[in-house]
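Spelled out, the chains give:
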Amino acid sequence: MHTIFSEGVEKLKQDVESFMEEFVYPNESVYEKQLNEGNSRWSIPPIIEELKNKAKQRGLWNLFLPNAHEETGLSNYEYAPLCELMGRSLIGPEVFNCNPPDSGNMEILLRYGNHEQKEKWLKPLLAGEIRSCFVMTEPQVASSDATNIEGSIQRDGEEYVINAKKWWSTGAIDPRCKVAIFMGKSDKHALKHEQQSMVLVPMDSPGVKIVRYLPVFGYDHAPIGHAEIHFENVRVPVSNILYKEGKGFEIAQARLGPGRIHHCMRAIGAAERAIELLCKRAKERIAFGSTLAEKDVIKEIIAESRIEIDQARLLTLHAAHKMDSEGAKAARKEIAMIKIAVPRASINVIDRAIQVFGGAGVTEDFPLAAHWANARTLRILDGPDQVHLRDIGRLELKK
Ligand SMILES: Cc1cc2nc3c(=O)[nH]c(=O)nc-3n(C[C@H](O)[C@H](O)[C@H](O)COP(=O)(O)OP(=O)(O)OC[C@H]3O[C@@H](n4cnc5c(N)ncnc54)[C@H](O)[C@@H]3O)c2cc1C
C-alpha cells in the first residue's frame, strides 16, 4: 500500500502544520488562561474564535467534509494526515471547524437534511457560527446496543412530543450549542431497527433541561462539556424529523463510519505529539549520570512507540482507502479494527511519555495527561471495544 499524497494534499498538510506551529500550540495556554479568567469556565475563550477566523481566511476550514471543499474535495484517505495534525492539540479540531460532534452532525444534515433544515442549521454550522450536540446515550440502559434506547418521540398532530433522560451529550453545555440531533423511539411496534427516529431539537425549546455536566477523569472539558439532559414534554414541529420516521438507526450507522475513523486519525496525532515530547524530554533530562535518552530502556520504549504509531497509521489509511473505494459498509471490519488498535496504541504511547516525564507528566503543565484521558474514552464511545471485537470475530468467522 502506498502512502503518497497528491501535491494539493501535501500543500494542505504543510499549511495545517504551519498553522498548528504558528497559532495553535502557542495558544493552548492562552485558551486555558482565558477559560479560568472568565466569569465561568462555560463561557467561550475569545482566542478560539480568533483562531477559527484565521483558519477560515486561509481556507483551512471544513476539510473533514468529503468533497464539500470545492478546491480540495478530499477523500477520507486524503483527510487522514490533516486530521492527524489537528488531533495533536486538544483545541486543534475546533480551530478548523473539524471537531466532533459537529463534524458528524454536519455530515448527517448534509446527507439526510431537507432544504429548510440545511438552511437553518447546516449553514451556520459550516460557518462555525453555532454548535450542535448528538443526543443518543441514556443512563438507564446499555446504550452500546442502540436498540435499547427508550427516549420517546410521540406524534401529536403537527408536533412531536419528546420525553427522555439522556447523558454524555458532548457539546450541549457550550453556549454556542443551538441544536440537538435527538435519537429516540417513535414506534415501539415496528421492526427492531425501524423503531428509532432522529429529530432536530432547538436547545432553547421549553422542557430541555441541562441537569449537570459529566467530567472525564476530573476534566470538565469546558466550555464544550458533556451533559446530562432531561427532555420533558418538549414539542417540535413534525418538519423537524430527519429524513423519515423509523430511519434513526440507519442514520446512526451512517454517522458512525466517518466519526470513528476521524477519532482514530486524531488519536494518532495525539500519539505523535506524545512521542515528540517524550524524545525532547529524554534528551534533556539527566538522571544517574546520563540523559534519559542514553539509557537503553528508554530507547526501547521510544522504539515500541514508533512501531505502534506507524502500525496504527497504516491500518487507518487502509480503512480510509477501503471506505473511499468500497463504502463505509464494506469497510466495517477495517473500521472496527482501527477502533480497537488505534486507541490502544495511542494510550500506550501517551502512557510511556507520562512515565518519562515523571511527576510532570500527570500535571496540566504538559498536554499528556489531558490527551491520555481523552484517548482512554475512545475505548468506550462510539461503540465499546467488546462490541467491535465481537463484530470483527463474526466477520472473520463468516469469511
Ligand atoms: C467522553 C464521552 C463522550 C461521549 N459523547 C457522546 C455523545 O456526544 N452523544 C451520545 O449519545 N453519547 C456519547 N457518549 C456515550 C458513549 O457513546 C456510550 O458511553 C457508549 O456507547 C457505551 O454505552 P454505555 O455507556 O451505555 O455502556 P454500556 O452499553 O452499558 O456498556 C458497558 C460495557 O459493557 C460491555 N459490553 C457491551 N456490549 C458488550 C458485548 N456485546 N459483549 C461484551 N461486553 C459488552 C463493554 O465493556 C462496555 O464498555 C460519550 C461517552 C464518553 C465517555
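About the cut-offs
Residues numbered from 1 in each chain as written. Predicted model: local features only at pLDDT ≥ 70, side-chain atom pairs only at ≥ 80, totals over all residues. Heavy atoms only, no water. UniProt positions renumbered as here; feature names shortened; annotations may be inferred. Near = heavy atom within 4 Å. Polar contact = N/O pair within 3.5 Å; in protein donor to acceptor, adjacent residues only side chain to side chain. Helix = DSSP H or I, 4+ residues; strand = E, 2+ residues; numbered from the N terminus. Domains from an automatic or database assignment. Contact = heavy atoms within 4.5 Å. Nonpolar A, V, L, I, M, F, W, Y, C, P; charged D, E, K, R; others polar. Core = buried A, V, L, I, M, F, W, Y, C linked by side-chain atoms within 4.5 Å. Buried < 20%, exposed > 50% of the residue type's maximum accessible area, 1.4 Å probe, protein only. 1 Å grid on protein atoms, 1.4 Å probe; cavity = no way out; pocket = protein on both sides within 12 Å on 5 of 7 lines; lining within 4 Å. Points joined across faces, edges and corners; volume = space filled by probe spheres on them. Phe/Tyr/Trp six-rings, centres within 6.5 Å; stacked < 30°, edge-to-face > 60°. Lys NZ or Arg CZ within 6 Å of the ring centre and 35° of its normal. Axes fitted to C-alpha atoms, helices over the stretch in contact; angles between N-to-C directions. Parallel < 35°, antiparallel > 145°, perpendicular 65-115°, else oblique. Left-handed = near helix turned anticlockwise from the far one by under 90°. Pairing = 2+ DSSP bridges. Disulfide = S-S within 2.5 Å. Salt bridge = Lys/Arg side-chain N within 4 Å of Asp/Glu carboxyl O.

- In the nomenclature of an unreviewed UniProt entry, the chain corresponds to Acyl-CoA dehydrogenase family protein from the organism Neobacillus driksii.
- Its UniProt record gives the chain the following Cofactor (unreviewed entry) comment, quoted word for word: "FAD".
- According to the UniProt record, the Subunit (unreviewed entry) comment for the chain reads "Homodimer."

### Some points on the site of the ligand
- By nearness alone, 19 residues border the ligand, and F134, T137, S144, W168 and Q386 come closest of all.
- At a separation of 2.9 Å, an oxygen atom of the ligand approaches a polar backbone atom of M136.
- One nitrogen or oxygen atom from the side chain of Q386 is found 2.8 Å from an oxygen atom belonging to the ligand.
- At the level of elements, β3 (159-170) and α11 (385-398) are the ones that each hand at least two residues to the shell around the ligand.

### Details of the domain arrangement of the chain
- According to the domain assignment, the chain contains domain 1 (7-113), domain 2 (131-242) and domain 3 (249-398).
- The distance between the C-alpha centroids of domain 2 and domain 3 comes to 29 Å.
- Counting residues at the interface gives 13 residues for domain 2 and 14 residues for domain 3.
- Counting every contact that joins domain 2 to domain 3 gives one residue pair in polar contact (both at pLDDT 80 or more).
- Among the residues forming the side of domain 2 that touches domain 3, the class breakdown is eight nonpolar, five polar and no charged.

### Considering the nonpolar core
- Residues V16, L63, Y79, F96 and M198 are the most contacted members of the largest nonpolar core, which totals 92 residues.
- Counting residues per element, this core draws most heavily on helix α7 (residues 248-284), which supplies 16 residues.
- When neighbours within four sequence positions are excluded, M198 is seen to be in contact with I108, F134, I181, F182, M183, N240, I241, L242, G248, I251 and A252.
- Counting residues in each nonpolar core, the second largest holds 22 residues, with I153, A164, C177 and V234 among its members.

### Structural notes on the layout of surface pockets
- Its volume calculated, the second largest pocket comes out at about 280 Å³.
- Lining of the second largest pocket is provided by 17 residues; of these, K13, P81, E84, L85 and R313 occupy positions nearest its centre.
- Among the elements of the structure, α1 (7-37), α3 (76-87), α7 and α8 (296-326) are those that each provide at least two residues to the lining of the second largest pocket.
- Its residues assigned to classes, the lining of the second largest pocket shows seven nonpolar, three polar and seven charged.

### Side note on the packing of aromatic side chains
- In the structure shown here, the tally under the stated rule is nine aromatic pairs.
- Taken together through their ring pairs, the aromatic side chains of F19, F23 and F96 make up a single cluster.
- Directly above the aromatic system of F182 lies the positively charged group of K166, at a separation of 4.9 Å from the ring centroid.
- When the ring centre of F134 is taken as reference, the NZ or CZ atom of R255 above it lies at 4.0 Å.

### Here's the deal with the UniProt feature "domain: Acyl-CoA dehydrogenase/oxidase C-terminal" (unreviewed entry) in the chain
- Under the local residue numbering, the UniProt record ascribes the feature "domain: Acyl-CoA dehydrogenase/oxidase C-terminal" (unreviewed entry) to residues 246-394.
- Strand forms 3% of residues 246-394 and helix 77%; the C-alpha atoms that close the span are 27 Å apart.

### Topic: helix α5 (residues 102-112)
- α5 sits mainly inside the fold: nine of its 11 residues count as buried.
- Here the buried face of α5 lies against α6 (115-126), β1 (131-135), β4 (177-185), β5 (196-202) and α7.

### A closer look at the packing of α5 against α7
- Between α5 and α7, the least distance of the axes is 9 Å, while the angle of their chain directions is 140°. Classified by the angle their axes make, α5 and α7 are oblique. Considering the relative orientation of α5 and α7, their crossing is right-handed. For the pair α5 and α7, contact is made by G104, N105, E107, I108, R111 and Y112 and by E250, I251, A254, R255, P258 and H262, respectively.
- When the residues that make up the contact of α5 with α7 are grouped by side-chain class, the tally is five nonpolar, three polar and four charged.

### Focus: the pairing of β1
- Of all five residues making up β1, five are buried, and the element is well covered by its neighbours.
- The two faces of β1 match: R131, C133 and V135 on one face and S132 and F134 on the other face are all buried.
- Bridging between β1 and β4 involves five bridges; their strand directions are parallel. What sits directly across from F134, in β4, is I181.

### What about the state of the cysteines?
- Summed over all chains, the structure comprises zero disulfides.
- Left without a disulfide partner, C177 is nearest to the cysteine sulfur of C133, which lies 3.9 Å away.
- Judged by its relative accessible area of 5%, C177 is buried.

### What about the pairing of strand β7 (residues 226-237)?
- Pairing geometry for β3 and β7, over nine bridges, is antiparallel. Bridging from a neighbouring strand, T170 pairs with H226 of β7.

### Focus: the pattern of salt bridges
- Tallying each qualifying case throughout the model produces 36 salt bridges.
- Taking the shortest distance from any N to any O, the salt bridge between E158 and R155 comes out at 3.3 Å.
- Judged by relative accessible area, which is 47%, R155 ranks as partly exposed.
- Each of the salt bridges in this network shares a partner with another, and the network as a whole consists of E49, K52, E94, D102, R131, D174 and R176.

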